[in-house]
Amino acid sequence: MTPLSPSNEATFEPINAAHPQKVALVTGGVRGIGRAISEELIQAGYTVVATYCSSEKAARDMEETFPGKVRTVRADVSEQEQVDFLFDTIEKEFGRVDILINNAGITQDRSFHKMKNADWHRVLDVNLHGTFYCCNRAINLMRDHNFGRIVNISSIVGQKGNFGQANYAASKAGMLGLTKTLALENAVKGITVNAVCPGFIETDMVEAIPDEVKVKIQNEIPMRRFGQAGEVAKAVRFLVSTDSAYITGQELNINGGLLTH
Ligand SMILES: NC(=O)c1ccc[n+]([C@@H]2O[C@H](COP(=O)([O-])OP(=O)(O)OC[C@H]3O[C@@H](n4cnc5c(N)ncnc54)[C@H](OP(=O)(O)O)[C@@H]3O)[C@@H](O)[C@H]2O)c1
């Protein structure tokens, strides 16, 4: 597939005052949890590059809501050439990526005995290979600056499995292995790499679960409620800050007590 044009061809001036030279890339950053993370990082003073794949309207809305503070770029993270285009654009306009949030993710649920090759590959391609492509480009930029923060949005499902989600669970568990290895390899370069493992967060992804299953899940959560995207975003804000400099290779659970370890 041919790389797609950035949504905004105008030269972008990073003007966010608190961290004028720090650039944060949030994949899938205009909708759901990614949107909440983008907004949290904008409020924290970072210049944010938020990618979108199909949500062009939400991307435009974001640029209008936060003029000069967010740059949206269209990129399907499962396509290496689109990720290359994304990073080429960022390098040209900003010259750096200090923070990478690998948030873009999909589900394509089916019991394993009925799972098709296409279900397996699509979910792995977006969730795991997309994360690899982005880390692979970001890590050298971060190493050049002796600073970096990577947060991979994994899932409770990658930690404990879930009915109908073998592909999703494998992709999210894979992200955890990648997180820990990148943390080891890059600690000496001032780069921290952590994973966030949300439980069930109120977004379109959870909205797609049948109502009767949602009620059952909610009854199993010790806090008896789903989480909010903003609650994930606040944790990410901490993990990218200088306050978390000694935290790397960790899984931070945000699940209302559904899994405790
Ligand atoms: N919601 C939960 O309960 C929950 C729990 C644990 C983990 N997570 C994880 O949190 C992340 C965000 O989930 P969410 O609940 O916010 O889901 P969502 O509302 O369904 O949003 C999915 C996001 O991923 C982007 N995306 C999908 N396919 C893409 C592709 N091929 N290339 C680039 N971007 C793509 C979407 O962008 P477009 O809209 O532009 O296509 C959108 O921003 C995911 O990684 C998910 O696995 C969610």
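Residues numbered from 1 in each chain as written. Predicted model: local features only at pLDDT ≥ 70, side-chain atom pairs only at ≥ 80, totals over all residues. Heavy atoms only, no water.

Undergrad: Looking at this structure, I do not really get the overall build of the chain. What am I missing?
TA: In terms of helices and strands, the chain carries nine helices and seven strands. On C-alpha atoms alone, the chain measures out to a radius of gyration of 18 Å, which is about the 18 Å that the 2.2 N^0.38 rule sets for 261 residues. Across the 261 residues that make up the chain, the buried fraction comes to 51%. As presented, the chain carries roughly 12,100 Å² of accessible surface, and 52% of it is formed by carbon and sulfur atoms. Within the chain, the 30 negative side-chain charges are centred at a point lying 4 Å from the centre of the 27 positive side-chain charges. (Helix = DSSP H or I, 4+ residues; strand = E, 2+ residues; numbered from the N terminus. Rg over C-alpha atoms; globule rule 2.2 N^0.38 Å. Buried < 20%, exposed > 50% of the residue type's maximum accessible area, 1.4 Å probe, protein only. Areas by Shrake-Rupley, 256 points an atom, 1.4 Å probe, with all protein chains shown as cover. Lys, Arg positive; Asp, Glu negative; His and termini not counted. Charge placed at Lys NZ, Arg CZ, Asp CG, Glu CD.)

Undergrad: Hey, could you run me through the pattern of salt bridges in this one?
TA: A side chain with one charge may pair with a side chain of the opposite charge, provided their charged atoms come close. On inspection of all chains with the given rule, the structure shows 18 salt bridges. For Glu251, the salt bridge goes to Lys180, with nearest N and O atoms at 3.1 Å. Taken as a pair, Glu251 in strand β7 (residues 251-254) and Lys180 in helix α6 (residues 166-186) lie far apart in primary sequence, 71 residues in all. On the basis of relative accessible area, Lys180 is assigned to the partly exposed category, the value being 34%. Look at the salt bridges and you will find they share partners, linking Asp84, Asp88, Glu91 and Arg137 into a network. (Salt bridge = Lys/Arg side-chain N within 4 Å of Asp/Glu carboxyl O.)

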